[in-house]
Amino acid sequence: YNQGQLSHVDVIKSAGVYYAILMQDDYTLRFAASWNGIIWYIKSTDILTISAPGGWDDWGFYRSTIQKTATGFDFWYTGKGALTDWRFGYTTITL
């Protein structure tokens with residue numbers, strides 16, 4: 001994992017485990033988990049990348065948040081396209 005600059009971290013705690021969404025400097029989003037809040041295990045693949053040119057979120061992301069569900073997480077985020085204003089997006093993360 002290339003630990004470039006990380007920003008806009010959102011952390012929740014559920015059933016004794018910390019979960020986080022981390023935005024990297026290339027506007028991709030990664031998922032991480034920790035059992036103590038100090039040592040983090042970062043998923044090696046992106047959970048979300050910007051869309052292809054012309055997409056509503058092809059410019060980048062800003063903030064995100066997650067909510068634990070029975071099968072993974074509900075995931076909300078803001079994104080912006082090169083020709084659009086900031087908008088909300090929603091998807092699910094299944095682990």
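Every value quoted in this text rests on a predicted model; they were computed, and no experiment measured them.

1. Things to note about the pattern of salt bridges
Phase 1: Scanning the entire structure with this criterion turns up 1 salt bridge.
Phase 2: The closest approach of N and O atoms between Arg30 and Asp46, which form a salt bridge, is 2.7 Å. Note that Arg30 is positioned in strand E3 (residues 29-34) and Asp46 in the loop between strand E4 (41-42) and strand E5 (60-68), a separation of 16 residues in sequence.

2. Section: unusual backbone geometry
Phase 1: In this model, Ala15 sits at a positive phi of 50 degrees, which is unusual for a non-glycine residue.
Phase 2: With respect to the secondary-structure elements, Ala15 resides in the loop between strand E1 (6-14) and strand E2 (17-24).

3. Some details on the pairing of strand E6 (residues 72-80)
Each regular strand displays side chains that alternate between the two surfaces of the sheet.
Phase 1: Most of E6 is tucked away: 7 of the 9 residues are buried.
Phase 2: Where E5 and E6 come together, 7 bridges link them in antiparallel fashion. Bridge pairing links Gly60 to Lys80 in E6.
Phase 3: Hairpin connection of E6 to strand E7 (residues 87-94): 6 residues between the antiparallel strands.

4. A few points about the sheet that holds E4
Phase 1: Spatial strand order, E1-E2-E3-E4: 4 strands in an open sheet with antiparallel pairing. Where the open sheet ends on each side, the last strands, each with one partner, are E1 and E4.
Phase 2: Strand direction decides the pairing type here: E2 and E3, joined by 6 bridges, are antiparallel. Counterpart to Ala20 in the pairing with E3 is Ala32.

5. Details of the sheet that holds E6
Sheet strands line up and pair through hydrogen bonds in the backbone, either parallel or antiparallel.
Phase 1: A sheet is described by the order of its strands in space; here 3 strands give the open sequence E5-E6-E7, paired in antiparallel fashion. Of all strands in the sheet, those with a lone pairing partner are E5 and E7, marking the two edges. Shown here is a sheet whose adjacent strand axes are inclined to one another by a mean of 25 degrees, direction ignored.

Thresholds, definitions, all that
- Residues numbered from 1 in each chain as written.
- Predicted model: local features only at pLDDT ≥ 70, side-chain atom pairs only at ≥ 80, totals over all residues.
- Heavy atoms only, no water.
- Salt bridge = Lys/Arg side-chain N within 4 Å of Asp/Glu carboxyl O.
- Helix = DSSP H or I, 4+ residues; strand = E, 2+ residues; numbered from the N terminus.
- Buried < 20%, exposed > 50% of the residue type's maximum accessible area, 1.4 Å probe, protein only.
- Pairing = 2+ DSSP bridges.
- Axes fitted to C-alpha atoms, helices over the stretch in contact; angles between N-to-C directions.

Purely geometric numbers; function is a separate question.
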